[in-house]
Amino acid sequence: MHGAEPGDVFLADCPARLAVEVIADKWAVVVLWGLNDHARRHSELIELIGGISKKVLTQTLRRLQANGLVTRTDHGGVPPRVEYDLTDLGRTLMGPVRLLTEWAEENGDAVLAAQEAG
């Protein structure tokens, strides 16, 4: 086993670690998954996700947008119509997110049991 080397994913300034930190946010993966099928409005995401406040959803969408994973399209009009969608980069995450979702579905009960036992 070797120590940390330049570019090691555990170093604070490594791009891979920074990318993981973006999606490690509590709501990021859930929001990305909510956009998997098609573009959605803010209110649609609130209804689809459940348990997330409007403020936290807005913050999460802005962070995902700033990191190139989500686009925001303002269609104008009254009332304003804004939609969020995955970018091509965001779509590259759907395979890993799908695997994580499958793992969570298969192991959720075991995780809950461990929490209750702990």
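Here, every reference points to the structure presented above.
A short tour of the structure in this document, coming up.

Description of the overall build of the chain
- When you go through the chain residue by residue, the secondary structure sums to six helices and three strands.
- Here the chain has a C-alpha radius of gyration of 17 Å; the compact-globule value for 118 residues is 13 Å, and the former is much larger.
- In terms of principal-axis extent, the alpha carbons of the chain reach across some 60 × 40 × 25 Å.
- The buried share of the chain, reckoned over its 118 residues, is 25%.
- Partitioning the contacts of the chain with sequence separation of at least 6, the portion at a separation of at least 24 is 44%.
- For the chain, the accessible surface area stands at approximately 8,100 Å², while carbon and sulfur atoms represent 57% of it.

Description of the sheet that holds strand E3 (residues 82-86)
- Strand order in the open sheet made by the three strands is E1-E3-E2, with antiparallel pairing throughout. Strand pairing shows two members of the sheet lacking a second neighbour, strand E1 (40-41) and strand E2 (70-74), which therefore form its edges.
- Bridge analysis of E2 against E3 gives five bridges, and the strand direction is antiparallel. Across the sheet, residue Val-70 finds its bridge partner in E3, namely Leu-86.

Some points on helix H4 (residues 54-66)
- Counted at 1.5 Å a residue, the expected span for H4 with its 13 residues is 18 Å, and the 18 Å between its end C-alpha atoms agrees.
- Taken together, the buried positions of H4 are occupied by Leu-57, Thr-60, Leu-61 and Leu-64. Looking straight down H4, one finds that the buried residues subtend no more than 100° of arc, so they occupy a single side. Facing away from the buried side of H4 by more than 90 degrees, the exposed set consists of Lys-55, Arg-62 and Ala-66.
- Elements that come into contact with the buried residues of H4 comprise helix H1 (15-23), helix H2 (28-34), helix H3 (42-49), E2 and E3.
- Just past H4, the residue Gly-68 takes up positive phi, approximately 80°.

Some remarks on the pattern of salt bridges
- Summed over the entire model, instances satisfying the criterion amount to four salt bridges.
- Arg-63 is the partner of Asp-25 in a salt bridge, and the nearest nitrogen-oxygen pair spans 3.2 Å. Of this pair, Asp-25 sits in the loop between H1 and H2 while Arg-63 is found in helix H4, placing the two residues 38 residues apart along the sequence.

Rules used throughout
- Residues numbered from 1 in each chain as written.
- Predicted model: local features only at pLDDT ≥ 70, side-chain atom pairs only at ≥ 80, totals over all residues.
- Heavy atoms only, no water.
- Helix = DSSP H or I, 4+ residues; strand = E, 2+ residues; numbered from the N terminus.
- Rg over C-alpha atoms; globule rule 2.2 N^0.38 Å.
- Buried < 20%, exposed > 50% of the residue type's maximum accessible area, 1.4 Å probe, protein only.
- Contact = heavy atoms within 4.5 Å.
- Areas by Shrake-Rupley, 256 points an atom, 1.4 Å probe, with all protein chains shown as cover.
- Pairing = 2+ DSSP bridges.
- Expected span 1.5 Å × (residues − 1).
- Arc of directions from axis to C-beta.
- Salt bridge = Lys/Arg side-chain N within 4 Å of Asp/Glu carboxyl O.

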